[in-house]
Each structure stands twice: as structure tokens, then as C-alpha cells.
Amino acid sequence: MDSIITISSENVPKYTNTDVSLELPIEIIIYILEFLPLSDRISASQVCRLWHMASKDLKLHSNEVVVLHDDLTRPLLVFENSLGTFLHFVFKEVELGAKLTKFWDRFCPQMRSLSMHSCDVSERTFVDILLRCSHLENLNVNGCRELLMSGRVLEQESDVLLLSKTLVKLKELSLASNRYLSDALFNRFVAITPNLEDLSLTGCQISFHTGLYKKFYPRNMSDNGIIMASESVLTFRNILQYIVSQAEKIRKLRFSRTLIDHTALSQLAEVPKLRLQALHLQYCEQLNNTGILTLTEYQQSLNELDLSLCSRITDQSLLAICRNLKNLSILNIQSCRAVTNLGVTELCNLRKLVDLNLSQCEQVTGEGIEKGLCSYVNPEFRRLYLTALPLDEKTICLIAEHLPGLTHLDLGWCFNAVTDTSIQAICQHQVWLRSLKLTRCDKVTDAGLTGMGLRTERVEQTEGNVNNEQSSVVEKEINVMPDISNEGVVHNDPLHRISLRTKAEQDIVNDAKRKKVVLQMCEDQDVGQVESGFSLIRLKGLQELDLCGCNRITDVSLKYAFSFLELRHLNLSLCQQVTHSGISDLASKNPSIETLIMSNCHNITDDGVVNFVKCLPRLKHLDLQGCSQLTDASLAAIGQNCCNLKYLDISQCSGMSLEGSERMELHLQTLHTLHKRSLISKEHLKTSDKEPKQAPPPPPSPAKFRFLLRR
């Protein structure tokens, strides 16, 4: 077969005493690549010619998005000479003029989606681009002021007719954040999309007040008796007329960040033959319970609803949602501060729910979560966001047990809930996690992440009844770590032990001793001398981990609890006890990291940076803001090793210089964002060192000193 190519031992690793020869059909290689993310596919495509050919298969590029912004000179040259297949393009703040003619000829015929964010494009150029896109399925024209300001785009009826025949596959249209969008322009855009299913008007200035119609729609009519659409304002009545005419096709609507109220939402919900699947109403402050009640009554086919930041939504709305929208799978009520446990308890009625965001709902506590989500075991639940909720560790343990299929879990700012005990429950039950966020959860220690000093035992409890006896097995966590809380006290009198340290000082000493104990346990476990709990390593598929502000985590965790082949995003900001040693161990065991955030990690030195940049060839985003011990040696190592780096923040790194950052930029051709505020040149440093320093202020007088002591 032509599709079978022999890969000789020159193209594969040479094993000892074995000659390796592989024959794989290209279809098998394509099937393997389908399971890999983009970064892994790029690496696999460099194995040999066969794998490179397989990586060019069209089905592998269906979700890749090319983002172009700033200066397009070099990217255009690369893409015009590329043989690759690219279907999705995003342009940000660029001028789309004549210099892209070859680019449009090359990619428009196969393009599936096109997004223009704040781009400068003329009316004629816009039409010419769309006429080439016969396979376009998604069009985003967001914030393009210059295109809509004149009001002349698509004014030629011949252009509208041609585009309506060309864009027959266009299903999604976004006109978000367009200040100059009017009824006339809106009608022209929807006229070129005869099969539209998804419409977004997020952030547009839509007029919902009926009093405006008399001003902008007087009784004058055109020659054929049809009322002309206004070229000054965008009205909800005009939008509603379009939705009524396309009710059988429209499936998704987005009115986020608009002034939509209960009256408008009720009119929308009651449109005959409209069967919405998704509705986004984020940050609609005029919306209240009346509109939501009508929505849940008429649009019971909804499976996605976003009501985040709608301050007037209360339990009444949530109760109606839980009782009427039985097909709902995605619900977002983030920052709906009036929602309480009364409404959250009813979430148990949404049996198809797989994605829930309750973040920043201040009145929701563990009691509501336990009754609403933990009343039965739900292995189908996937994403749960509980940022800044007043929970306790018992609730987190119950979530871990009853939602074992979670892939995304956000517990950031849940100070009292995220402890070593709850982390152990997560490590034991949530083995499918892909994203775990523990931002500012400062009670987490090395013991919780490594499992050292913590052991879960199964205890049998017997309950006696009148007729029979029932036994149940309960998991109980046993702390086997030695007690070090009473160390460092005066032992002159065994009956009266008085510590000479303050509470803060004693906590620091105890943390240091606990770190030493956990480290010894980890070393003893390697030789099988210590039984432990559950380590973070159990989460084999972890791809994103946020430990920002978890200040009790040390190098022990990085060495013994971090070994993830798929970990791509790691945030260690404000982890003050992490040093160059732990970062070096981390990088050697997690080679897929692409985003590493270590801002204000003051114990990181040049040795750590030099070591981890050599072990992380895929690094694209690096944040070292405020790492005061780093010098130009780190910049030199970054410039020599980070060939894929796109974002770098070295602000407030007082040991670095402007000259060092400039030398580094010469080596980083891929870098497009560099933050380096507060960096100064070496010459300025020398000058400032020669300047006489001001004398310290004189000490206070004895009388003033005694006054300060009394205070």
C-alpha cells in the first residue's frame, strides 16, 4: 500500500540490542494525532516525513485558531508561503487593506470562521472579503467603528443579493460592541445570512424604550408603503421583528451587557415557534424575576443560560429555572448576590446539569450546596465554579465524593473550606480533574498535597435498631504527623509551660518544623518506610493548576507532588517559600508547561530560571514580576532557550537592567508582549550609587520615646 511507509531506525530512538522498524498506515497516525492537543501535534509532526504528512490532515485543523494583530508584515509572509490548512482567523486592531489581497485569495475559499476585532476596514474591502468566503460558518464584526460609522456598508442591493447566495453556510453572526450599529445596518447584515442560527448583540446600544419609536419612526413611509429602518438608532422592536421572521431557525441569542428588561425578555420568550437552546444575559442590570419567570414558561428547551452579574435575580428566578428547565445543562449565576440556599437547594432537580457557576454568591453556604448538588452521586457533572463562597471543608469533601467526574473545579478564595483534609478528598476522588484552582487558599500545606502525615482509614460503625442492626463503613482521616505545636516553650516548670514567642512567631517555627517532618516522610516513603494519604500525583490528567497565594507550599510539594505530563498552566504567584531548587525539580517532571506565573516569588534566583527554561521548551507565557533576586543572567538564559516565548513580564525585577532586556529581545523572535516597567539602565544605577545618600533622621528625644512606649 502507498500509505504504508517504513520508518527506519534513523527516525526513531535506538534501543539497546534492538533494531526498531515500524510500519504504520497514515490513517493510524492521523487517528493517534486526533487525541493530542495542538502543542503535542506540532512536536509529533517533526518526528519524520510521514508524521508531518499526517499532521496536515484537514480534520486535525478544525479547531485551530490563528490570531493576527499589530504588525502583519512577517506573519503574512509566513502564511503566504505556507502549505498548511487554516480554517479559523482572528484579526485584532489591524488595518485590513490592499496588502492582504494575496492572503484573502489563499485562505478565503476554505475559511470557516472570520473575526474582526476593532479593525480598520473599508466598506468595499469588507464586501470583497466576504464574497470570497463561500464556506464561512462564523462571522464576528466586533467594535469595528470605521466600518459602521458612515452607515454605507452593504448599502448596494446587488452586494447584499450576491452575499446572501455566497454565505448560505453562515450560521453564527456576532455584531458585539458596535456603537454605531443601527436598525438599517442590522437589517443589511442579517439579510446576507439567510440561515442564521446564532446571533450576538453583546454590548450594543439597543433602545428598549417605546417612547423612542415616535421620534425615530414617524408616520412617513417610502413609495411602496414600507417603513424605512432608522439609520440613527438600534431598537429592540426591529430586532424582535427579525427574530419573529426567523423563529424556526434561531437557536442561540446573546444580549449580554445591554439594557434588556423584563418586558423585552417576555416579548422575546413568547415569540411563536421560537425554541431557544442558549441565551446569554450577562450583566443585564434592568432584568428582574418577572422576565425570567416568563422565559422559563415559554422556552423550556433551553440547555444553556447565562445570568451572571444580574443583580436583581433572586431565588424566585432560580426556583423557576430548576422546576421548568429540565433540559438545562449549563447554568451561570455568578455574582447574583440575592440568591440564597433556598434557590440553590432546588438544583437537585436539574438532572442534566453538567456545568454550574455559583461564584461570588455571598449568601450561598455549604448547606445549600450539599442539598442541591450532593444529594446523590452524579458522575456526569463536569464543571463547578465556587469562587469566594463561605463554605467549609465538609462541603468540599462531599462534593469530591458525589461529583467524581469533575474536570474543572474552582475553589479560589474559599479560605476556610480548602484545607489539607479537603485536598486529600479531592486527590482521592477527583481523578479526572483537568483544571484545579485554589487561589488564595493559604491553609493548604505540603502535607495536603503530598499526603504525608495524613492517612485515610475505613472505620466500621454499627447502628442498633429495634428490629435489626445496620453497619456502615465510614472513611476517617487520621493525622499521623508528630505534634510539634508545643515545641519551643520554657520547660523549667512542667506544670506551667510558657512560650516566649508570639503566636505569629510560633506559627512560623511550627511551619518550618512541619516542612522538615514532611520532607523526611517523603524521603522515607521512597524506601517504603512510611504510609501516606493521597498525593496530588493521582490527578494524572491535570492541565491547569492555580496555587496563587498558597504561601505554605514549599519545595517539598514541587519535588514530590508535581509530576504531570499534561500540565500546561501553572500559577505559583506569592508562594514565598518556593525556591530555585523546587522550581528546578518541577520543570524536570512537567515538560509540557506553556504558562508559568511566578510573580512576587522573592526566593527565586537565577539558578532556578536557568534550570527551568532548559527543561520547558514549550514555554509561551512567563511572568516573573517582582522577583527581586533575578538579574540579567536570567534574561540571557531566557533569550537562549525560550524559542517559543510570546509573553514575558519582568516588571519590578530590580536586579535586571534595560540593556539586558534589549539583548534578550534580539534572540526572541516570537515575543510580542514584554512588560518591563521599573527597569533602569546600568549607567543610571552607577550614577545613583555615587550620589550622596541622605542621613537617617535623628532618634526621638527621651520624652518622646517614653510617650511612644506608653502607646
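The shown structure was predicted, so the numbers you read here are calculated from the model rather than taken from an experiment.

Engineer: A description of the overall build of the chain should follow, citing residues and the corresponding values.
Structural biologist: On a plain count of helices and strands, the chain comes out with 27 helices and 28 strands. Split into buried and exposed, the 711 residues of the chain put 47% on the buried side. Across the chain, every contact between residues at least 6 apart in sequence was considered, and the portion connecting residues at least 24 apart equals 75%. With the model as given, the accessible surface of the chain reaches about 36100 Å², and the carbon-plus-sulfur share is 50%.

Engineer: Hey, could you go over the packing of aromatic side chains for me, with residue numbers and the actual values?
Structural biologist: Inspection of the entire model under this criterion finds 18 aromatic pairs. Each ring, one from Phe-236 and one from Phe-255, has its centre 6.1 Å from the other, and the planes form 65 degrees; the classification is edge-to-face. Here Phe-236, found in helix 11 (residues 236-245), pairs with Phe-255, found in the loop between strand 11 (252-254) and helix 12 (262-269); they are 19 residues apart in sequence, far enough to count as distant. Judged on exposure class, the residue Phe-236 and its partner Phe-255 are both buried.

Engineer: Got a sec to walk through the pairing of strand 5 (residues 113-117)? Specific residues and values, please.
Structural biologist: Most of strand 5 sits inside the fold, with 4 of its 5 residues counted as buried. Pairing geometry for strand 4 (residues 88-92) and strand 5, over 5 bridges, is parallel. The residue of strand 5 that forms the bridge with Phe-91 is Met-116. Direction of pairing for strand 5 relative to strand 6 (residues 138-142): parallel, over a ladder of 5 bridges. Bridged to Met-116 within strand 6 is Val-141.

Engineer: Lay out helix 14 (residues 315-324) in plain terms, naming residues and giving numbers.
Structural biologist: With 7 of its 10 residues buried, helix 14 lies for the most part within the structure. Looking only at helix 14, the buried set comprises Asp-315, Ser-317, Leu-318, Leu-319, Ala-320, Ile-321 and Cys-322. Where helix 14 is buried, its residues contact helix 13 (289-298), strand 13 (304-306), strand 14 (330-332) and helix 15 (341-344).

Engineer: Got a sec to walk through the side chain of Asp-315? Specific residues and values, please.
Structural biologist: Note on placement: Asp-315 falls in helix 14. Of the side chains bearing the opposite charge, Arg-323 lies closest to the buried Asp-315, which forms no salt bridge; the N-O distance is 10 Å. Setting aside anything within four residues of it in sequence, one finds Asp-315 in contact with Ala-338, Val-339, Thr-340, Leu-342 and Gly-343.

Engineer: How would you summarise the layout of surface pockets if you had to cite specific residues and measurements?
Structural biologist: Size it by volume and the largest pocket reaches roughly 1800 Å³. Lining the largest pocket are 38 residues, with Ile-42, Val-66, Phe-79, Lys-646 and Thr-670 positioned closest to its centre. Looking at the lining of the largest pocket, the elements that each hand over two or more residues are helix 2 (38-44), strand 3 (65-69) and helix 4 (73-80). Around the second largest pocket, the lining is made up of 18 residues, and of these Ala-184, Asn-187, Ile-227, Met-228 and Ala-229 lie nearest the centre. For the lining of the second largest pocket, the secondary-structure elements that each account for two or more residues are helix 8 (157-166), helix 9 (183-191) and helix 11.

Engineer: Give a description of a nonpolar patch on the surface that names residues and reports values.
Structural biologist: A cluster of nonpolar side chains, namely Ile-28, Tyr-31, Ile-32 and Phe-35, defines an oily patch on the protein surface of about 420 Å² accessible area. If you trace the backbone, Ile-28 turns up in helix 1 (residues 26-33).

Engineer: Requested: an account of empty space enclosed by the protein, with residues and values cited.
Structural biologist: Evaluated as defined, the whole model comprises 2 cavities of 30 Å³ or more. By volume, the largest cavity amounts to about 100 Å³. In this structure, the largest cavity is lined by Thr-445, Asp-446, Ala-447, Asp-511, Arg-514, Lys-515, Val-518, Arg-552, Thr-554 and Gln-577. Of all elements in the fold, only helix 19 (446-450) and helix 20 (503-525) reach the threshold of two or more residues within the lining of the largest cavity. With 4 residues, helix 20 is the single largest residue contributor to the lining of the largest cavity. When the residues that make up the lining of the largest cavity are grouped by side-chain class, the tally is 2 nonpolar, 3 polar and 5 charged. Quantified by volume, the second largest cavity comes out at close to 60 Å³. Lining the second largest cavity are Leu-347, Cys-348, Leu-350, Leu-353, Gly-372, Leu-373, Tyr-376, Asn-378, Phe-381 and Leu-403. Each residue belonging to the lining of the second largest cavity can be placed in one class, and the counts come to 8 nonpolar, 2 polar and no charged.

Engineer: Any details on the environment of Asn-81? Residues and values, ideally.
Structural biologist: With respect to the secondary-structure elements, Asn-81 resides in the loop between helix 4 and strand 4. What makes Asn-81 exposed here is its relative accessible area of 57%.

Engineer: Can you explain unusual backbone geometry? Please cite residues and give values.
Structural biologist: Although it is not a glycine, Asp-70 sits at a positive phi angle of roughly 60 degrees. Summarising the element assignment, Asp-70 is placed in the loop between strand 3 and helix 4. Look at Asp-70 and you get partly exposed, because its relative accessible area is 48%. Even without glycine at this site, Gln-652 takes up a positive phi of about 60 degrees. Relative to the helices and strands, Gln-652 is located in the loop between strand 27 (647-649) and helix 25 (658-667). Taking the relative accessible area as the measure of exposure, Gln-652 reaches 41% and is therefore partly exposed.

Engineer: Mind laying out the pairing of strand 3, listing which residues take part and the relevant values?
Structural biologist: Every second residue of strand 3 is oriented toward a common face, the buried set being Val-66 and Leu-68 and the non-buried set Val-65, Val-67 and His-69. Pairing geometry for strand 3 and strand 4, over 5 bridges, is parallel. In the sheet register, Val-65 faces strand 4, and the bridge partner there is His-88. Handedness of the strand 3-helix 4-strand 4 crossover: right-handed.

Each value, and the rule that gives it
Residues numbered from 1 in each chain as written. Predicted model: local features only at pLDDT ≥ 70, side-chain atom pairs only at ≥ 80, totals over all residues. Heavy atoms only, no water. Helix = DSSP H or I, 4+ residues; strand = E, 2+ residues; numbered from the N terminus. Buried < 20%, exposed > 50% of the residue type's maximum accessible area, 1.4 Å probe, protein only. Contact = heavy atoms within 4.5 Å. Areas by Shrake-Rupley, 256 points an atom, 1.4 Å probe, with all protein chains shown as cover. Phe/Tyr/Trp six-rings, centres within 6.5 Å; stacked < 30°, edge-to-face > 60°. Pairing = 2+ DSSP bridges. Lys, Arg positive; Asp, Glu negative; His and termini not counted. Salt bridge = Lys/Arg side-chain N within 4 Å of Asp/Glu carboxyl O. 1 Å grid on protein atoms, 1.4 Å probe; cavity = no way out; pocket = protein on both sides within 12 Å on 5 of 7 lines; lining within 4 Å. Points joined across faces, edges and corners; volume = space filled by probe spheres on them. Patch = residues over 30% accessible without salt bridge, like charges linked within 9 Å, V, L, I, M, F, W, Y side chains within 5 Å. Nonpolar A, V, L, I, M, F, W, Y, C, P; charged D, E, K, R; others polar. Right-handed = clockwise from strand over helix to strand, strands pointing away.

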